[in-house]
Amino acid sequence: MDAKRVKDYLYWLYYQYQLVTCSYVLEPWEQSMFHTITVTVVAMVVYTAYVFVPIHVCLALEFFSQIFGAQPESTV
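Per chain, the residues get numbers from 1 upward, laid out in the order the sequence is written. Local features in this predicted model are restricted to residues whose pLDDT is 70 or higher, and side-chain atom pairs enter the listing and the counts only when it is 80 or higher, whereas totals over whole chains, interfaces and linings include all residues. With hydrogens and water set aside, each side-chain value is computed from the structure's full complement of heavy atoms.

## Observations concerning the overall build of the protein
Broken down by element type, the protein carries two helices and zero strands. Relative accessibility under 20% of the residue-type maximum defines a buried residue, over 50% an exposed one, and the middle range a partly exposed one, all with a 1.4 Å probe and only protein chains included. Burial statistics for the protein: of 76 residues in total, 5% are counted as buried. We get accessible surface area from the Shrake-Rupley algorithm with a probe of 1.4 Å; when it comes to residues, only the shown protein chains can shield them. Carbon and sulfur atoms form 72% of the exposed surface of the protein, whose accessible area is close to 7,100 Å². We count a stretch as a helix when DSSP gives it H or I for four or more residues in a row; a strand needs E for two or more, and each element gets its number in order from the N terminus.

## Description of unusual backbone geometry
In this structure, Cys-22 is a non-glycine residue whose phi angle is positive, near 60°. Relative to the helices and strands, Cys-22 resides in the loop between helix H1 (3-21) and helix H2 (28-67). Here Cys-22 falls in the partly exposed class, since its relative accessible area comes to 41%.

## Remarks on H1
The α-helix winds at 3.6 residues per turn, so residues separated by three or four positions along the chain end up facing the same way. Expected span, for any helix, means 1.5 Å times one less than how many residues it has. Spanning 19 residues, H1 covers 27 Å between terminal C-alpha atoms, matching the ideal 27 Å at 1.5 Å per step. Positive backbone phi, approximately 60°, marks Cys-22, located one or two places after H1.

## With respect to the packing of aromatic side chains
A pair of aromatic rings is counted whenever rings of Phe, Tyr or Trp (Trp by its six-membered ring) have centres within 6.5 Å, and the orientation is called stacked for planes under 30 degrees apart, edge-to-face for over 60 and tilted otherwise. Under the definition given, this model contains four aromatic pairs. Look at Tyr-9 and Trp-12: their rings are 6.0 Å apart centre to centre, the planes differ by 25°, and that puts the pair in the stacked class. You can see Tyr-9 and its partner Trp-12 sitting in helix H1, three residues apart, about one turn around the helix. Residue Tyr-9 is classed as partly exposed on the basis of its relative accessible area, which comes to 46%. The exposure class assigned to Trp-12 is partly exposed, which follows from its relative accessible area of 45%. Consider the rings of Tyr-14 and Tyr-17, whose centres lie 6.2 Å apart with planes at 35°: the pair is tilted. Taken as a pair, Tyr-14 and Tyr-17 lie in helix H1 at a separation of three residues, close to a single helical turn.

## Some thoughts on H2
Under the 1.5 Å per step criterion, the end-to-end length of H2 is 56 Å for 40 residues, consistent within 8% with the ideal 58 Å. Approximately 30° is the largest bend angle found in H2, and it occurs at Phe-52, with the proline Pro-54 only one to four residues beyond. In the stretch just after H2, Gly-69 is the one whose phi turns positive, near 80°. The bend at a residue is defined as the angle formed between two axes, one fitted to the seven residues ending at that residue and one fitted to the seven starting there.

## Some thoughts on the packing of H1 against H2
Lines fitted to C-alpha atoms define the axes, with helix axes restricted to the stretch in contact, and inter-axis angles between N-to-C directions lie between 0 and 180 degrees. In the contact formed by H1 and H2, the axes pass within 13 Å of each other and the chain directions differ by 100°. Considering the angle they form, H1 stands roughly perpendicular to H2. Together, Tyr-14, Tyr-17, Gln-18 and Thr-21 of H1 and Gln-31, Phe-34, His-35 and Thr-38 of H2 make up the contact between the two elements. Amino acid classes used here: Ala, Val, Leu, Ile, Met, Phe, Trp, Tyr, Cys and Pro are nonpolar; Asp, Glu, Lys and Arg are charged; the rest, including Gly, are polar. Among the residues making up the contact of H1 with H2, the classes are represented as three nonpolar, five polar and no charged. For classification purposes, angles smaller than 35 degrees are called roughly parallel, those larger than 145 roughly antiparallel, those between 65 and 115 roughly perpendicular, and all remaining angles oblique. When checking whether two residues touch, look at their non-hydrogen atoms; a contact exists if any pair is within 4.5 Å.

Function cannot be inferred from these measures alone, as they are strictly geometric.
This is the structure we're talking about:
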């Protein structure tokens, strides 16, 4: 892909984001506040998923392996 097509695609994605969130009707200072809050919330959700989802998956696998009768791993 050439740079112009990538730039156009990113602009199109941003335009879709503005249409979905209706942020194109906000004043510039309101847009910057809205985008800041949105990026902050998304970053917190991604970080929380990165930290806690693997722990819960491991615990769920351990729980279901005990239910279905798998042998526990040796700690020796």
